[in-house]
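Given next are the chains, with one letter for each unit.
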Number of protein chains: 2
Amino acid sequence: METKGYLHVYTGNGKGKTTAAFGLALRALCSGKDVYVGQFVKSMKYNETKVEGLFDGTNPAFGRIRIEQLGRGCFIGRDPEPADAEAAHKGWSRCAELLRSGEYAVVILDELTIALHFGLLSTAVVLDVLRNRHPAVEVVITGRYAPQGLIDAADLVTDMCEVKHYYRLGLLSRDGIDR
Amino acid sequence: METKGYLHVYTGNGKGKTTAAFGLALRALCSGKDVYVGQFVKSMKYNETKVEGLFDGTNPAFGRIRIEQLGRGCFIGRDPEPADAEAAHKGWSRCAELLRSGEYAVVILDELTIALHFGLLSTAVVLDVLRNRHPAVEVVITGRYAPQGLIDAADLVTDMCEVKHYYRLGLLSRDGIDR
């Protein structure tokens, strides 16, 4: 039981999905586990990506983190293009390899659900890789619109419901708080 | 608008509340902001508290973090005792001081809602301090059972709904993943 990795899904329209994944990454790193973060769709580097420099594997008390942007940016105001599907497929190949190898104890697939929702990747293919992953790998998937098949396959699902969001006040994304 | 701090509440029965707060702390630290975490009720040191050693203010590229346990442990299987209320009051005095001074750009009040729910602290008193805090301080409150007054006062509220939790499989809290 102790060495089995579980599958988490953080979905819903509220703030806190990617943030919770990074909180979990921090906790894992602090216990000496290595963490991989593959960010689908997103192409912008958020502030938290700077932690790569801190958790670089040189301090034996902490794990190391690797963060990779696997997308071409979000689809707000545009439709996904063939190049987005290509980027998602290439990114998924990379993640599938890491899921099989078990090189990282924790694998975070940020906004993977968006890639599934927009049909850039097949849910069936993703589920097959998840089922056949290295059994010790803990997987954390974040993003809106998690497909039912993924929810069925998950061991833990939190639906982060927006009760209120300050974006509705016209507040823009702020450095160090929202990105 | 840029220097105004907002009030976040992460509540609900699903996993991800404290984790999201620590993810936000990580983001803020990476952008050079100082972060204070006051943990009400909890007395156990989670893995993530080890980050104090990494973000200690000596690296100018990162903020510093201070994490304090302000409680005597959770109430699972027991009722709150007068000593719990004393601890909560003492902890709240400390937090109120930091909220007024603005010493930390981000103040996280972890499980504060539990202290409110069990009547260890008065919601009216807490709201008054929050309203009169240093205006630049971003406040993040986590925990189940957020009282309506707090939700009304917040700028951002996410209700983290448990769809599934692996604790139901009999899985215990795991080092580096759940604590």
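Use the structure listed above.
The paragraphs below set out a description of the structure included in this document.

Basis of the calculations
Residues numbered from 1 in each chain as written. Chains lettered and ligands numbered in written order. Predicted model: local features only at pLDDT ≥ 70, side-chain atom pairs only at ≥ 80, totals over all residues. Heavy atoms only, no water. Least-squares fit on C-alpha atoms with pLDDT ≥ 70 in both. Phe/Tyr/Trp six-rings, centres within 6.5 Å; stacked < 30°, edge-to-face > 60°. Helix = DSSP H or I, 4+ residues; strand = E, 2+ residues; numbered from the N terminus. Buried < 20%, exposed > 50% of the residue type's maximum accessible area, 1.4 Å probe, protein only. Disulfide = S-S within 2.5 Å. Arc of directions from axis to C-beta. Contact = heavy atoms within 4.5 Å. Polar contact = N/O pair within 3.5 Å; in protein donor to acceptor, adjacent residues only side chain to side chain. Core = buried A, V, L, I, M, F, W, Y, C linked by side-chain atoms within 4.5 Å.

1. Some details on the relation of the copies chain A and chain B
At an RMSD of 0.0 Å, chain A and chain B line up after a rotation of 180° and a shift of 0.0 Å along the axis. What we have between these two chains is a two-fold relation.

2. Let's talk about the packing of aromatic side chains
Under the definition given, this model contains eight aromatic pairs over all chains. With a centroid separation of 5.6 Å and an interplanar angle of 50°, the aromatic rings of Tyr36 of chain B and Tyr104 of chain B are classed as tilted. With Tyr36 of chain B in strand 2 (residues 35–39) and Tyr104 of chain B in the loop between helix 2 (82–101) and strand 4 (106–110), the pair connects residues that are 68 residues apart, well separated along the chain. Overall, the relative accessible area of 0% leaves Tyr36 of chain B in the buried class. A centroid spacing of 5.6 Å and a plane angle of 70° characterise the contact between Phe55 of chain B and Phe62 of chain B, whose relative ring orientation is edge-to-face. Judged on exposure class, the residue Phe55 of chain B and its partner Phe62 of chain B are both buried. The structure contains a cluster of three or more aromatic residues connected by ring pairs, namely Tyr6 of chain A together with Tyr166 and Tyr167 of chain B.

3. Focus on the state of the cysteines
By definition, a disulfide links the sulfur atoms of two cysteines through a covalent bond. What the rule picks out here adds up to zero disulfides over all chains. Of all cysteine sulfurs, the one in Cys30 of chain B lies closest to Cys30 of chain A, which takes part in no disulfide; the gap is 12 Å. Owing to a relative accessible area of 0%, Cys30 of chain A belongs among the buried residues under this scheme.

4. Some thoughts on helix 4 (residues 123–131) of chain A
Residues and elements named next belong to chain A. Among the residues making up helix 4, those that are buried are Val126, Leu127, Val129 and Leu130. Each buried residue of helix 4 lies within a common arc of 160° when the element is viewed along its axis, so the set occupies one face. Exposed and oriented more than 90 degrees from the buried face of helix 4 are Ala124 and Arg131. Buried residues belonging to helix 4 abut strand 1 (7–11), helix 2 (82–101), strand 4 (106–110), helix 3 (112–117), strand 5 (138–142) and helix 5 (148–153). Of the residues flanking the start of helix 4, the one acting as N-cap is Ser122, its side-chain oxygen 3.2 Å from the backbone nitrogen of Ala124.

5. Quick notes on the nonpolar core
If you look at soluble globular proteins, the nonpolar side chains tend to sit buried side by side. Ranked by internal contacts, the top residues of the largest apolar core, which has 54 residues, are Val35, Phe55 and Ile65 of chain A together with Val35, Phe55 and Ile65 of chain B. Contacts of Phe55 of chain B, omitting those with residues within four sequence positions, involve Leu54 of chain A together with Leu26, Leu29, Phe62, Gly63, Arg64 and Ile65 of chain B.

6. Topic: the environment of Leu116 of chain B
All names here are of chain B. Within the secondary structure layout, Leu116 lies in helix 3 (residues 112–117). Looking at Leu116, the relative accessible area reads 7%, which means it is buried. Along the backbone, Leu116 and Leu130 are 14 residues apart, and their C-alpha atoms lie at a distance of 14 Å. Residues contacting Leu116, with those up to four places away along its chain left out, are Leu121, Ser122, Thr123, Val126, Pro147 and Leu150.

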